[in-house]
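# What the coordinates show
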Amino acid sequence: MLSKSQARAFFLGGTVIFSGVFIALTVDTVRQTDARTKSQNLTDAVKRGKLIWEKNNCMGCHTILGEGAYYAPELTKVFEKRGEAFIRTFIKDPQAMYPGERKMVKYNFSDAEITDVIAFLKWVGEIDTNGWPPKPDIVAPSAATQVNTPVATNTPETKAVPQPEKFAQLCIACHSLSGKGGVVGPQLDKVGAKYDATYFDKWLKDPQSVKPGTAMPKLPLSDAERADIVRYLAAQK
Ligand code: HEC
Ligand code: HEC
């Protein structure tokens, strides 16, 4: 049993020591802020992007660094996960990307505004957050477990057709190939054995006309980009 004066000393001592620890840790954190947020990368574009982020209340649906609302995906690492081209295409017309699903607002931002938002998201993604959130999980679980399946890129025909840049930028977010990519759409290994070039061309031009109600988006591809991707898909045998 502590006497009254011992209890008081214990209380005061504990308060002083732990207040000291708390202040020391706070000072230490504040001293690291510049380095950990890479404040030298805070360009005007990043600042404009943050203002757009705030003005449009993106946090009313999204979280960033864990702050915000839980209706829509966490965006801290979205730049690393999706890349510039995907985010730009998505923000221009969000509903086209995920047809028939819950909706993100179409903001009608100018290209310059989208560039600023992307600069902001890129900067946020580079903040040293002690590894939070965990690495983006973009490997299809089904592909990861199928270790014995021969990988499409190893066959001579598929090597002959290099992967189009747009494919890596837009398609891999939802589809996996050779075990890498997203899980929203089906794996595209060997898809060239399933369909021919005419089908791929029609499919990419307007998925809804081939399969009404499909979740595959109609993506803004130029004729040349589409032709490259069609050739590439047809070679995945
Ligand atoms: C009304 C809610 C809402 C608001 C406000 C909103 N979003 Fe979204 N956002 C969504 C939803 C829902 C998704 C998931 C995709 C879908 O289903 O359309 C999404 C997806 C995204 C993605 C793609 C994420 C990924 O992993 O592919 C980005 C980038 C994004 N939003 C940026 C923004 C920005 C920037 C703002 C503010 C200018 C904003 N969002 C405001 C609902 C919202
Ligand atoms: C936002 C997610 C998303 C993106 C981005 C996307 N797809 Fe898809 N894709 C899907 C979904 C979902 C399906 C399944 C559609 C269905 O069966 O109704 C699909 C189906 C397909 C199929 C048919 C596969 C099969 O085995 O039947 C092909 C081929 C395809 N996509 C190619 C592409 C290409 C090429 C791109 C890039 C230009 C792309 N996709 C971008 C979601 C996506």
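I will try to describe carefully the structure that is included in this document. (Residues numbered from 1 in each chain as written. Chains lettered and ligands numbered in written order. Predicted model: local features only at pLDDT ≥ 70, side-chain atom pairs only at ≥ 80, totals over all residues. Heavy atoms only, no water.)

Moving on, we get to a nonpolar patch on the surface. A grouping of Ile-17, Phe-18, Val-21 and Leu-25 is seen on the molecular surface, where their side chains present a nonpolar patch of about 420 Å² in accessible area. Mapped onto the secondary structure, Ile-17 falls in helix H1 (residues 4-36). (Patch = residues over 30% accessible without salt bridge, like charges linked within 9 Å, V, L, I, M, F, W, Y side chains within 5 Å. Areas by Shrake-Rupley, 256 points an atom, 1.4 Å probe, with all protein chains shown as cover. Salt bridge = Lys/Arg side-chain N within 4 Å of Asp/Glu carboxyl O. Helix = DSSP H or I, 4+ residues; strand = E, 2+ residues; numbered from the N terminus.)

A separate point is the coordination of the iron atom of ligand 2. Bound to the iron atom of ligand 2 are the protein donor atoms His-175 (NE2) and Met-216 (SD), situated 1.9 to 2.1 Å from the metal. One way to put it: the six donor atoms around the iron atom of ligand 2 meet at angles of 88 to 177 degrees, and that makes the site octahedral. One end of the pair, His-175, is in the loop between helix H9 (165-171) and strand E3 (176-177); the other, Met-216, is in the loop between helix H11 (207-210) and helix H12 (223-234), and 41 residues separate them in sequence. Like His-175, the residue Met-216 is buried in the burial classification. (Donors = N, O, S within 2.8 Å, 3.2 Å for Na, K, Ca; no water. Tetrahedral: all angles 85-135°; square planar, octahedral: opposite > 155°, others 65-115°. Buried < 20%, exposed > 50% of the residue type's maximum accessible area, 1.4 Å probe, protein only.)

Now for the coordination of the iron atom of ligand 1. The coordination sphere of the iron atom of ligand 1 contains the protein donors His-62 (NE2) and Met-104 (SD), at a distance range of 1.9 to 2.0 Å. Relative to the metal, the six donor atoms surrounding the iron atom of ligand 1 lie at angles of 85 to 179 degrees, and the coordination shape comes out octahedral. Highlighted residues: His-62 in the loop between helix H2 (44-55) and strand E1 (63-64) and Met-104 in the loop between helix H5 (94-97) and helix H6 (111-125), separated in sequence by 42 residues. With relative accessibility at 10%, the residue His-62 sits in the buried group. Since its relative accessible area comes to 24%, Met-104 is described here as partly exposed.

The subject of this paragraph is the site of ligand 2. Around ligand 2 lies a shell of 23 residues, among which Cys-171, Cys-174, His-175, Lys-194 and Met-216 are the nearest. A distance of 2.7 Å separates a nitrogen atom of ligand 2 from a polar atom in the side chain of His-175. Here Trp-203 contributes a side-chain N or O atom positioned 3.3 Å from a nitrogen atom of ligand 2. Here ligand 2 is seated within the second largest pocket. (Near = heavy atom within 4 Å. Polar contact = N/O pair within 3.5 Å; in protein donor to acceptor, adjacent residues only side chain to side chain. 1 Å grid on protein atoms, 1.4 Å probe; cavity = no way out; pocket = protein on both sides within 12 Å on 5 of 7 lines; lining within 4 Å. Sits in = over half its atoms within 2 Å of the grid points.)

Attention now moves to the site of ligand 1. Lining the immediate environment of ligand 1, one finds 22 residues, of which Cys-58, Cys-61, His-62, Arg-82 and Met-104 sit closest. At 2.7 Å from a nitrogen atom of ligand 1 is found a side-chain nitrogen or oxygen belonging to His-62. The contact in question runs from an oxygen atom of ligand 1 to an N or O atom on the side chain of Arg-82, over 2.8 Å. Put simply, the parts of the chain that give the shell around ligand 1 at least two residues each are helix H3 (78-82) and helix H4 (84-92). No other element matches H4, which puts three residues into the shell around ligand 1. Residues of the shell around ligand 1, tallied by class, amount to 17 nonpolar, three polar and two charged. (Nonpolar A, V, L, I, M, F, W, Y, C, P; charged D, E, K, R; others polar.)

A full pass over the atoms with the stated rule returns nine salt bridges. The partner of Arg-88 in a salt bridge is Glu-84, and the shortest N-O contact between them spans 3.1 Å. Taken together, the residues Arg-88 and Glu-84, both in helix H4 and four residues apart, mark about one turn of the helix. In this structure, the salt-bridge partner of Glu-126 is Lys-122, at a minimum N-O distance of 3.1 Å. If you follow the salt bridges from partner to partner, you end up with Asp-201, Lys-205, Asp-223 and Arg-226 in one network.

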